[in-house]
Every structure is written in C-alpha cells, then in structure tokens.
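Working through the structure, step by step
Next come the chains, spelled out residue by residue.
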Amino acid sequence: MTSNELDKMIWQTVASIPFGKVMTYGQIALSCGYPGYARYVGTVLKKLPADTELPWHRVINAQGRSSFPEGSDKYQDQLQRLRAEAIVINNGKIALSIYQHQ
DNA sequence: GGGTTGACAAATG
DNA sequence: CCATTTGCCAACC
C-alpha cells in the first residue's frame, strides 16, 4: 500500500516544482517523508510515460547534473528543457545555490 | 528468494 | 575535480 501512496507523493512533489527551479532526488524523497529513498524517486520517474505532463526535467542529482549519460538523447532533452526555463548550465552543471527550490 | 541493477548520495583519498 | 567505496532500497530476473 505504501508504494502506491509514495508514488503519488513523489508525483505531487515533482509537479510542485515551480518554473525555473529544480530539486534533487534526495530532496524530493526527504520532503515526502522518506529519507534514503533517493534511488526510488529515480525508479518512479523512469516509469513515467514519454508524453507525461510532469516536469521530470526539473529533477537532477545532488551534484547539480543530469543523471542521464552525457550525450544521450534524454540528457540533451533535459538540458534543453531547463535552458527553456532560463536556467543557465555550465559544463553540464546547474548551480543549486541559485536554482534549487526551497 | 538470493543476486543484480539503477534517472541516488555522502564520504574518502 | 575525479575515482572509488559504502550505504541505501525497490524493481527485476
């Protein structure tokens, strides 16, 4: 039962990230009340359909980088989506001090 | 039901 | 900054 409920919480949290801001996997897990579930947040996002409205691109890892292999289509896609939100990316890195939500 | 995998993270050298 | 190690936990085979 917990699994499906947590999934919803994660979706809600991701949906709550405002335009031009980002959150890390661990931060999302924590704000859902599930510290240590950073990896699970990743597995949940992976299950999303390609045409989802959820702003999954606003979710990055603790290093301020995309978690996709550099150069992959998903990687390029995520970075383009972020740039479209006026987010500046330097050498694949996003300044969490500026763009991290909360 | 044990071993592997992965859209993670923090510590260490 | 980069590489490795360790901890973590659900999904998958």
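Report on the accompanying structure. The structure presented is a predicted model; accordingly, all values stated were derived computationally and were not measured. (Residues numbered from 1 in each chain as written. Chains lettered and ligands numbered in written order. Predicted model: local features only at pLDDT ≥ 70, side-chain atom pairs only at ≥ 80, totals over all residues. Heavy atoms only, no water.)

The immediate surroundings of DNA strand B are formed by 13 residues, with Gly26, Arg39, Lys46, Ala62 and Ser67 found nearest. Backbone atoms, meaning sugar and phosphate, make up 43% of the atoms of DNA strand B lying within 4 Å of the protein. Residue Tyr25 places a side-chain N or O atom 3.1 Å away from a base nitrogen belonging to DNA strand B. Ala62 has a polar backbone atom sitting 2.6 Å from a phosphate oxygen of DNA strand B. Residue assignment for the surface near DNA strand B shows that the elements contributing at least two residues are helix H2 (25–31) and helix H3 (38–46). Among the elements that take part in the surface near DNA strand B, H3 stands out by supplying five residues, more than any other. (Near = heavy atom within 4 Å. Polar contact = N/O pair within 3.5 Å; in protein donor to acceptor, adjacent residues only side chain to side chain. Helix = DSSP H or I, 4+ residues; strand = E, 2+ residues; numbered from the N terminus.)

Moving on to the protein's contact with DNA strand C. Around DNA strand C lies a shell formed by Ser3, Gly36, Tyr37, Arg39, Tyr40 and Lys93. For DNA strand C, the backbone makes up 77% of the atoms found within 4 Å of the protein, where backbone means sugar plus phosphate. Tyr37 places a side-chain nitrogen or oxygen 2.7 Å from a phosphate oxygen of DNA strand C. In the model, a phosphate oxygen of DNA strand C is placed 2.6 Å from a nitrogen or oxygen of the Lys93 side chain.

For the rest of this paragraph, the subject is the packing of aromatic side chains. Scanning the model with the defined rule gives three aromatic pairs in all. Centre to centre, the rings of Tyr37 and Tyr40 are 6.3 Å apart; their planes meet at 80 degrees, and the pair counts as edge-to-face. A relative accessible area of 23% places Tyr40 in the partly exposed class. With a centroid separation of 6.4 Å and an interplanar angle of 90 degrees, the aromatic rings of Trp56 and Phe68 are classed as edge-to-face. In this pair, Trp56 is assigned in the loop between H3 and strand S2 (59–60) and Phe68 in the loop between S2 and helix H4 (73–83), connecting sequence segments 12 residues apart. Joined through ring pairs, the aromatic side chains of Tyr34, Tyr37 and Tyr40 make up one cluster. (Phe/Tyr/Trp six-rings, centres within 6.5 Å; stacked < 30°, edge-to-face > 60°. Buried < 20%, exposed > 50% of the residue type's maximum accessible area, 1.4 Å probe, protein only.)

Below, the discussion takes up H3. Those residues of H3 that sit buried are Val41, Val44 and Leu45. Across the axial projection of H3, the buried residues extend over an arc of 95 degrees, all falling on one side. Away from the buried face of H3 by more than 90 degrees, exposed residues Arg39 and Lys46 are located. Contacts from the buried residues of H3 go to helix H1 (2–15), H2 and S2. (Arc of directions from axis to C-beta. Contact = heavy atoms within 4.5 Å.)

This part covers the nonpolar core. Counting residues in hydrophobic clusters, the biggest one holds 16 residues, and the most contacted among them are Ile10, Val14, Ile28, Val41, Leu45 and Val59. For this core, the elements supplying multiple residues, two or more each, are H1, H2 and H3. Listed in part, the nine residues of the second largest apolar core include Tyr75, Leu79, Leu82 and Tyr99. (Core = buried A, V, L, I, M, F, W, Y, C linked by side-chain atoms within 4.5 Å.)

Our next topic: H1. Between the first and last C-alpha of H1 there are 20 Å, a value that for 14 residues agrees with the 20 Å anticipated at 1.5 Å per step. Buried positions along H1 lie against strand S1 (23–24), H2, H3 and S2. (Expected span 1.5 Å × (residues − 1).)

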